[in-house]
Amino acid sequence: MAKATKTIRQSLGYQPAHAAWFAATKDLFNQVAAFYFEVIAAHEKVLDCSNKEALTLLETLTHATQKNPTPVMPLEAIGEDIPAMFRRAAIHAALGSARSFYSLLRKWKKRQEQAQAKGKKFTERPPVPPRSWNKSATLYAGQWKERTRSSIVLKVWTGTCWSWIKVRITGRELPEDVEMGSPSLIWRGNQWWLHTPLEKQFASPGTIEKHVTTNTQTKMCAVDLNLHEHLAVCTIQTVEGTILATTFIGGGRRISGFRKKQLGRIAHNRRKTGTIAEGEQDNADLWRKINNVDESISHLVSARIVQFAKQHGATILVFEHLGHLKPEKGKYSRRGNSKRAFWMKGRIFKYAKYKAYSEGLLTSRVNPRNTSRECARCHSLVARYKQGQSAEGYTSGAPLVLCPQCGMKGNADRNASLVIGQRLVKRYQNPLQGKPPTPPLVEGAEKSAGVAVCQDAKSEEEPSLPEARHADRNEHGTGAPQDSTSQEEI
Ligand SMILES: [Zn+2]
């Protein structure tokens, strides 16, 4: 079995007076956690135990019972009547911090010893234990009850006593097929939220190698991420090479235009003030605006990719590695824009991988070398050009491709996406059975020359991949493509 976790954030609706109670609850939680951190520091051996054993030990040290009337370090010094479940949540928080602190300290001591053994000067400062505590209160079972879609009853510390209060919940609903963890009270953006971790169990998706090597009908969704209009071009193909569907996820021009405009404003403000006014309110707002849009587009595009893959029964998502950012020349807004567009590709990948995993899909990345220059059908070099231009040479970013070898004609990003999918299959094929010849390097190809031509570039053997069956009948903009192709805006 595999599991995936995520957190659902819901905002709380409460009477204004209750806000102070939530704050008091959080304060008390941190006081108790800080207290237990001290107890652990005084009894470091506790950290050699499992969390469960450590909990028992720490309770014996601090909690008075009939059998244990005079604990060594009584928790009552902090407060009386602290509910058991509140105490335990705080103990776990303290244990987490202590484990991390002592492990850092151990590593530091080791480095110090090593330096001393070599007679070197050691100036690195030791890690320090937390000076202040600002953890969010986790509410274990017993601290909350009667949770419904729209409300929950919480046991909170008012500053003088424990009280049950009912609060409204708004925001995303909890999905059905998940296991709910303990919610936490979070103060964010001037209000209190309830964050609930969710755990989903599902049959382990296995390994990519197994999917690719044991079933020729395994479907892959290959994704070509771009900086221009089509943010993502996805194709579904089987391991043996049948192409089933394509989708173009648009919206790139709009986001790019928006971002460039905001960056232009930032540059304008900076010129006006004569300084880099990053901390100033006007620019902080603009930066936030850009970030929010980048973030939401990344979520939309990644969600759409995973949805498309699922819809067609794909079990693997394939991306190419991002490579390096090629710095643009020109104005600040232009440079900043291309940098952010590049970062957004990284975010889309990260979110898609995460979303795919919780749906039971695997994600892989392949070498990006020449994915746009290779013909998905015969693996020769393609010509890339704009509509109206002659189909020769290679114009980076142009929308069309033509393969002079086999006559394949079509959309350049779609071709790249197919090549990306094929690369994954190639990785698991026996290299002795003859890889498809790597296209020879052309003049002016990507700057990283020198390593580009592989030894098998000379080989004229049969490509081991069956030819991609998409070519002739799939000319760009003419006739109906063989597979189902869709265009969409996000
Ligand atoms: Zn070709």
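The structure presented is a predicted model; accordingly, all values stated were derived computationally and were not measured.

**Focus on the overall build of the protein**
The secondary structure content of the protein amounts to eight helices and 16 strands. Look at the contacts in the protein between residues 6 or more apart in sequence, and 66% of them connect residues 24 or more apart. Surface accessibility of the protein: about 26600 Å² in total, with carbon and sulfur atoms responsible for 51%.

**Description of the sheet that holds strand β10 (residues 243-249)**
One open sheet accounts for six strands, arranged β12-β11-β8-β9-β10-β16; its pairing is mixed. Looking along the sheet, the strands with just one partner apiece sit at the ends: β12 (362-366) and β16 (484-488). In this sheet, adjacent strand axes meet at a mean angle of 20° when their direction is disregarded. Bridging between β10 and β16 involves five bridges; their strand directions are parallel. Along β16, the bridge assignment pairs Thr246 with Thr485.

**Things to note about unusual backbone geometry**
Despite not being glycine, Glu146 has its phi angle at roughly 50°, a positive value. Within the secondary structure, Glu146 sits in the loop between β2 (144-145) and β3 (151-157). Judged by relative accessible area, which is 53%, Glu146 ranks as exposed. Notably, His379 is not glycine yet its phi reads approximately 65°, a positive angle. Structurally, His379 is set in the loop between β12 and β13 (383-385). Since its relative accessible area comes to 4%, His379 is described here as buried.

**Quick look at the layout of surface pockets**
As a volume, the second largest pocket reaches approximately 880 Å³. Lining the second largest pocket are 28 residues, with Lys6, Arg172, His299, Tyr354 and Lys355 positioned closest to its centre. When contributions to the lining of the second largest pocket are tallied by element, the ones reaching two or more residues are β1 (2-13), β7 (191-202), α6 (281-311) and α7 (332-358). If you tally residues by element for the lining of the second largest pocket, the top one is α6, at eight residues. Residue classes in the lining of the second largest pocket are distributed as twelve nonpolar, six polar and ten charged.

**Brief notes about the packing of helix α1 (residues 16-42) against helix α2 (residues 51-62)**
Across the interface, α1 lies against α2 with an axial gap of 11 Å and an inter-helix angle of 100°. Here α2 runs roughly perpendicular to α1, going by the angle between their axes. Mapping the contact onto sequence places Phe35, Tyr36, Val39 and Ile40 in α1 and Leu58, Leu61 and Thr62 in α2. Class assignment of the residues belonging to the contact of α1 with α2 gives a composition of six nonpolar, one polar and no charged.

**Section: the coordination of the zinc ion**
Cys375 (SG), Cys378 (SG), Cys403 (SG) and Cys406 (SG) make up the full set of protein donors to the zinc ion, lying at 2.2 to 2.3 Å. Classification of the site at the zinc ion rests on its four donor atoms, whose angles at the metal span 100 to 115°, yielding the label tetrahedral. All donors of the zinc ion come from a single chain, and their spacing in sequence reads C-x2-C-x24-C-x2-C. In this pair, Cys378 is assigned in the loop between β12 and β13 and Cys403 in the loop between β14 (400-402) and β15 (409-411), connecting sequence segments 25 residues apart. Each of the two residues, Cys378 as well as Cys403, counts as buried.

**Things to note about the sheet that holds β14**
A sheet is described by the order of its strands in space; here three strands give the open sequence β13-β14-β15, paired in antiparallel fashion. Strands at the two margins of the open sheet, each flanked by one partner only, are β13 and β15. With direction set aside, neighbouring strand axes in the sheet form an average angle of 25°. The sheet contact formed by β13 and β14 spans three bridges and is antiparallel. Bridge assignment links Arg384 to a residue of β14, and that residue is Val401. Along the sheet, helix α8 (residues 412-427) contacts β13, β14 and β15; its crossing angle with β15, the most-contacted strand, is approximately 95°.

**Some thoughts on the packing of α2 against helix α3 (residues 84-117)**
Packing of α2 against α3 brings their axes to within 10 Å, and their N-to-C directions diverge by 115°. The crossing of α2 and α3 is right-handed. Each of Asn51, Ala54, Leu55, Leu58 and Glu59 in α2 lies in contact with α3, whose residues at this interface are Arg87, Arg88, Ile91, His92, Leu95 and Arg99. A breakdown of the residues in the contact of α2 with α3 according to their chemical character gives five nonpolar, two polar and four charged.

**A few points about the nonpolar core**
Membership of the largest hydrophobic core comes to 36 residues, with the highest contact counts inside it found for Phe29, Val32, Tyr36, Ile40, Leu58, Phe86 and Leu95. Those elements giving two or more residues to this core turn out to be α1, α2 and α3. Examining the composition of this core, we find that twelve residues originate from one element, α3, more than from any other. Residues contacting Phe86, with those up to four places away along its chain left out, are Thr25, Leu28, Phe29, Val32, Gln143 and Trp162. Judged by nonpolar contacts, the second largest core, of 25 residues, contains Cys221, Leu231, Phe319 and Ala352.

**Here we look at the pattern of salt bridges**
Under the criterion given, the structure shown has eleven salt bridges. A salt bridge links Lys310 to Glu359, with the shortest nitrogen-to-oxygen separation between them at 2.9 Å. Highlighted residues: Lys310 in helix α6 and Glu359 in the loop between α7 and β12, separated in sequence by 49 residues. For Lys310, a relative accessible area of 42% puts it in the partly exposed group. By sharing partners, the salt bridges in this structure join Glu59, Arg87 and Arg88 into a single network.

**Topic: the confidence of the model for the protein**
Averaged over all residues, the pLDDT of the protein equals 84, while 87% of them reach at least 70. Within the protein, no element has a lower average pLDDT than β16, which sits at 76, and none a higher one than strand β8 (residues 219-225), at 96. Segment residues 432-481 is flagged for pLDDT under 50; beyond a separation of four residues in sequence, or across chains, it makes 78 contacts in the model.

**As for α7**
With 27 residues, α7 extends 39 Å between its outermost C-alpha atoms, agreeing within 8% with the 39 Å of an ideal straight helix rising 1.5 Å per residue. Gly360, located one to two residues past α7, shows a positive phi value of around 85°.

Basis of the calculations
- Residues numbered from 1 in each chain as written.
- Predicted model: local features only at pLDDT ≥ 70, side-chain atom pairs only at ≥ 80, totals over all residues.
- Heavy atoms only, no water.
- Helix = DSSP H or I, 4+ residues; strand = E, 2+ residues; numbered from the N terminus.
- Contact = heavy atoms within 4.5 Å.
- Areas by Shrake-Rupley, 256 points an atom, 1.4 Å probe, with all protein chains shown as cover.
- Pairing = 2+ DSSP bridges.
- Axes fitted to C-alpha atoms, helices over the stretch in contact; angles between N-to-C directions.
- Buried < 20%, exposed > 50% of the residue type's maximum accessible area, 1.4 Å probe, protein only.
- 1 Å grid on protein atoms, 1.4 Å probe; cavity = no way out; pocket = protein on both sides within 12 Å on 5 of 7 lines; lining within 4 Å.
- Points joined across faces, edges and corners; volume = space filled by probe spheres on them.
- Nonpolar A, V, L, I, M, F, W, Y, C, P; charged D, E, K, R; others polar.
- Parallel < 35°, antiparallel > 145°, perpendicular 65-115°, else oblique.
- Donors = N, O, S within 2.8 Å, 3.2 Å for Na, K, Ca; no water.
- Tetrahedral: all angles 85-135°; square planar, octahedral: opposite > 155°, others 65-115°.
- Left-handed = near helix turned anticlockwise from the far one by under 90°.
- Core = buried A, V, L, I, M, F, W, Y, C linked by side-chain atoms within 4.5 Å.
- Salt bridge = Lys/Arg side-chain N within 4 Å of Asp/Glu carboxyl O.
- pLDDT = per-residue confidence, 0-100.
- Expected span 1.5 Å × (residues − 1).

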